Each structure stands twice: as C-alpha cells, then as structure tokens.
Amino acid sequence: MTDDTDPTADTCLHPLPAPGLIRVAGAEASAFLQGQLTQDVRRIDATTTLRAACCNPKGRVLATLRLFARDQALWLWLPAERAAALAQRLKMYVLRAKVELSDVSPQFAALGVSGAGAGARLAGVLGVPVPEQADRALTHDGLTVLGLPAAPPRLAVIGDPARIDALQQALLAAGARAATAEDWATLDIAAGIAEVHGPLVEAFVPQMLNLDRTDGISFSKGCYTGQEIVARVHYLGQIKQRLYRAHVDAPAAPAVAEALIADQAGPNEQAGQIVSVAADPAGGWQMLAVVTTQLAARDAVRLADGTPLRLQPLHAGQDT
C-alpha cells in the first residue's frame, strides 16, 4: 500500500533502452551544431536541456533528439538505431571546423525515474538537488540527470552502465518500485514526444511532430540545414498535418508507420501515419500519429482495418 504521507512513495524506475549518444566537442562545437539543428544551441548549458531535430536540406526530419551539455561537450540523445547514421551524416559537414564528433552510445546506459516523488527520491540517493522542472539538467559524479516533460514528473539519468546499475539498486533499496520501459513509452506518448524510426525518417517536417509547440525549433537563430523550408512552413501557416495522441482498442499493437484512413480522405490521400505505439495500462493501445488536421477535427480516423481511433489531448500545451 502506498504511504500517502511519504512524498517519494510512488517513485517508479524504468530500465530504458540503450541510448543513442553523439558527443560533439571542440572549440567550434556549438557553432557547428547551430548550423545543423532546429534548436538554438546557444541556449544549452550545464543546467539546460532541450529538444531539437536534425533535418535534410528539404526540411524533412532525419532524427529527433535531446541536447544537453556535460564534460566540456555537447551531447545528442536520440534512439540508438539512429545514432550511427546521424553521426556519419554530421561528419560530412564538419570539414575544417574545430569539432570532434563521436558516437559513444555503447559506453552509456539510461534509467528513467517517474512519479510525484521522483525528484525527492533521486536527490536523496545522489545527495544533491536534482532538476524539478522539465528541460533542466544536472551532472553529478558521472551521472547526468535530465528533467523531461510529463505528468506525473519524470527524470532520465544517463551514465556508464555500472553507475546506472548501482543507482537503480540504491533507489530500489530506498523504496522505489520497478516499472517497465513500456510504461515509460506510454509516458512519452502522453507527453507528445515523438521519435522517427525506420520508414518515418525524412517523412515529416518538424512542425508535423509538434516541435514548434514543445520548444524544439528556433525561428530566430539563423540558418541551418533545412531552415528555409521549416521557416516557410511556419510563416505561411501551411501545416496540414499535426501530431495527435490517440487510443485504439485492437487485439494486437498497430505497426509504426502504418497508414491511417478516413472516409473523408481524398482518393490518393491517407489520413495519417502512426509514429509510436505502447500498451495502455487500461487496455488497448496508446499511440502518437501524424494526422491531417481537417480529418482529425471530424474525429473519423481509423486503422487500415477499420478500427476507430479515439483522439486524446496532449500535455504541454500541444492541443490542436
């Protein structure tokens, strides 16, 4: 039974998938990334972490990521499956810049901590205050703690595997309870955090993934790869598709990149596309999907087999 008098009693631990991590160091690291990412990289420091996207010259998203700083370098956290390809692509643009860029993914692990008492529990184990707000960061004793958007609050901790394992054991001993990576994926969906995988690479401009509504795009920073298209979409207001959260009652998990349908869609038009899926603890499936806004307003979007989607609000002011 949960002790309602203990503010840390509901802390949950989530073993996260191996993180994809690209380390960018050198005297011109910030200037280099400023020309490659949608975020204003100058905002990133030891206490600030922000979302961003890396686009191709046509403004299509190659990867969504989270930026943070530690050990005199800037770091890009993204799905592990995308890290090697993105690192290789970024190296093409380094040229003579004073930048050292490396994929350090195998050297690190990640742990998720969620719940109203997550900050207090983690602070008690680490012995230092930890970020209490989304997009705040701290590095202490080889561990980087990142505040992430969610309800309830949650934190991600990145460090070498031995340190992460020791931290997890210490938190369990202190009364935190084990949860799952699937639970974390559900929280990502509720927070509207979309990652691009496989066939979704280069499928969307950043606004379709609501990065303009989650402080993932700067429209005043100047040029970067794909900036002209992203800015044009913004200033002309041509956003015909947006990210939505949805629930579906289906016997099996819908597939990422599966096309959605609607009766009102044109003859050669799909209503949208699934971006991420996770089991709903109450039954069925939670998902994020990029959906044509006019069709979403009619609430008549379905899976390819006809199963209806129930669109739900997103957190962090992303409602459309």
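In this report, we go over the structure that sits alongside the text. Per chain, residues are indexed from 1 in the order of the written sequence. Totals for whole chains, interfaces and linings use every residue, but because this is a predicted model, local features are given only for residues with pLDDT of at least 70 and side-chain atom pairs only at 80 or more, for both listing and counting. The basis for every side-chain value is the complete set of non-hydrogen atoms in the structure, without hydrogens or water.

1. A word on the overall build of the protein chain
Consideration 1: By the criteria applied, helices consist of DSSP H or I runs no shorter than four residues and strands consist of E runs no shorter than two, each listed in order from the N terminus. Regarding its fold elements, the protein chain presents 7 helices and 16 strands.
Consideration 2: We compute the radius of gyration over the C-alpha atoms and compare it with the globule rule, which gives 2.2 Å times the number of residues raised to the power 0.38. For the protein chain, whose C-alpha radius of gyration is 20 Å, the value lies close to the compact-globule estimate of 20 Å for 320 residues.
Consideration 3: A burial count over the protein chain gives 53% of its 320 residues as buried.
Consideration 4: A contact between two residues is defined here by any heavy atoms of the two lying within 4.5 Å. Of all intrachain contacts in the protein chain linking residues separated by at least 6 positions in sequence, the fraction that spans at least 24 positions is 69%.
Consideration 5: Only the protein chains shown count as cover for residues, and all accessible areas are computed by the Shrake-Rupley method using a 1.4 Å probe. Total accessible area computed for the protein chain in this model is approximately 14000 Å², and 52% of it derives from carbon and sulfur atoms.
Consideration 6: The charged-residue count follows a simple rule in which Lys and Arg add positive charge and Asp and Glu add negative charge, with His and chain termini not counted at all. By convention, charge coordinates are those of NZ in Lys, CZ in Arg, CG in Asp, or CD in Glu. Considering the protein chain, the positive charge centre built from 27 side chains and the negative charge centre built from 32 side chains are found 9 Å apart. Only protein chains enter the area calculation, which uses a 1.4 Å probe; residues under 20% of their type maximum are buried, those over 50% are exposed, and those in between are partly exposed.

2. Describing the nonpolar core
Consideration 1: Residues enter a nonpolar core if they are buried and are Ala, Val, Leu, Ile, Met, Phe, Trp, Tyr or Cys, with the set joined through side-chain atoms within 4.5 Å. With 27 residues, the main nonpolar core has Val24, Leu33, Leu65, Leu67, Leu76 and Leu86 as its most contacted residues.
Consideration 2: Of all the secondary-structure elements, those providing two or more residues to this core are β2 (19-25), α1 (29-34), β3 (50-55), β4 (61-70), β5 (73-79) and α2 (80-91).
Consideration 3: The element that contributes the greatest number of residues to this core is β4, accounting for 5 residues.
Consideration 4: Setting aside residues up to four positions removed in sequence, Leu67 forms contacts with Leu33, Leu37, Gln39, Val41, Ile44, Thr48, Thr49, Leu50, Ala52, Trp75 and Leu76.
Consideration 5: Ranked by size, the runner-up nonpolar core spans 22 residues in total, among them Val205, Met208, Leu211 and Ile217.

3. Overview of the sheet that holds strand β1 (residues 12-15)
The pairing of strands in a sheet happens through backbone hydrogen bonds and is either parallel or antiparallel.
Consideration 1: Across the sheet, which stays open at both edges, the 6 strands sit in the order β8-β9-β10-β7-β1-β11 with mixed pairing between neighbours. Each having just a single partner strand, β8 (137-140) and β11 (177-178) make up the two edges of the open sheet.
Consideration 2: Whether two strands pair comes down to DSSP finding at least two bridges between them. Pairing geometry for strand β9 (residues 143-148) and strand β10 (residues 154-159), over 5 bridges, is antiparallel. Bridging from a neighbouring strand, Leu146 pairs with Ala156 of β10.
Consideration 3: Sitting on the sheet, helix α3 (residues 118-126) touches β7 (109-114), β8, β9 and β10, and the angle it makes with β10 is about 35°. To get an axis, a line is fitted to the C-alpha atoms, and for a helix only the part in contact is used. The angle between two axes follows their N-to-C directions and goes from 0 to 180 degrees.

4. As for the state of the cysteines
Consideration 1: Throughout, a disulfide means two cysteine sulfur atoms within 2.5 Å of one another. Within this structure, the stated rule accounts for 0 disulfides.
Consideration 2: Cysteine Cys223 remains unbridged, with the sulfur of Cys55 as its closest cysteine sulfur at 14 Å.

5. Section: α3
Consideration 1: Ala118, Gly119, Arg121, Leu122, Ala123 and Leu126 are the residues of α3 that are buried.
Consideration 2: The elements touched by buried residues of α3 are β7, β8, β9, β10 and α4 (161-173).

6. Remarks on the environment of Leu311
Consideration 1: Within the secondary structure layout, Leu311 lies in strand β16 (residues 310-312).
Consideration 2: Leu311 sits in the partly exposed class, given a relative accessible area of 21%.
Consideration 3: Separated by 96 residues in the primary sequence, Leu311 and Asp215 have C-alpha atoms spaced 23 Å apart.
Consideration 4: Setting aside anything within four residues of it in sequence, one finds Leu311 in contact with Tyr244, Arg245, Ala246, Ala296 and Asp299.

7. Details of the side chain of Thr49
Consideration 1: As for its placement among the helices and strands, Thr49 is situated in the loop between α1 and β3.
Consideration 2: One polar contact links Thr49 to Arg66, side chain to side chain, over a distance of 3.2 Å.
Consideration 3: Of note is the side chain of Thr49, whose polar atom sits 2.7 Å from the backbone oxygen of Leu67.
Consideration 4: If we ignore the near neighbours within four places in the chain, the residues touching Thr49 are Ile44, Arg66, Leu67, Phe68, Asp135, Arg136, Ala137, Leu146 and Gly147. Two N or O atoms count as a polar contact when they lie within 3.5 Å, although within protein this holds only if one can serve as hydrogen donor and the other as acceptor, and sequence-adjacent residues are included solely when both atoms are side-chain atoms.

8. Considering the sheet that holds strand β12 (residues 241-248)
Consideration 1: Sheet architecture is open: 5 strands sit in the order β13-β14-β15-β12-β16, paired in antiparallel fashion. In this open sheet, the two strands that pair with only one neighbour each are β13 (259-260) and β16.
Consideration 2: In the sheet, β13 pairs with strand β14 (residues 272-279) via 2 bridges, with the strands oriented antiparallel. In the sheet register, Ala259 faces β14, and the bridge partner there is Gln273.
Consideration 3: Running over the sheet, helix α5 (residues 181-190) touches β12, β14 and β15 (285-292) and is turned about 140° from β14.

9. Observations concerning the layout of surface pockets
Consideration 1: Each cavity reported here is a set of points on a 1 Å grid over the protein atoms alone in which a 1.4 Å probe fits but cannot get out, each pocket an open set with protein on both sides within 12 Å along at least five of seven lines, and each lining residue one with an atom within 4 Å of a point. Grid points are joined across faces, edges and corners, and a volume is the space filled by probe spheres set on the points. Estimated volume of the largest pocket: approximately 660 Å³.
Consideration 2: For the largest pocket, the lining is made up of 26 residues, of which Pro17, Pro79, Asp188, Glu195 and His197 are closest to its centre.
Consideration 3: Mapped by element, the contributors of at least two residues to the lining of the largest pocket are β5, α2, α5 and β14.
Consideration 4: For the lining of the largest pocket, the element with the highest residue contribution is α5, accounting for 5 residues.
Consideration 5: The class makeup of the residues in the lining of the largest pocket is 18 nonpolar, 2 polar and 6 charged. Under the convention adopted here, Pro, Cys and the residues Ala, Val, Leu, Ile, Met, Phe, Trp and Tyr are nonpolar, Asp, Glu, Lys and Arg are charged, and Gly plus all remaining residues are polar.

10. Regarding the pairing of β12
Consideration 1: Of all 8 residues that make up β12, 8 are buried, and the element is covered over most of its length.
Consideration 2: Sheet analysis places β12 next to β15, joined by 8 bridges and oriented antiparallel. Looking at the pairing, Gln241 lines up with Thr292 of β15.

Read these as layout, nothing more, since geometry by itself doesn't imply function.
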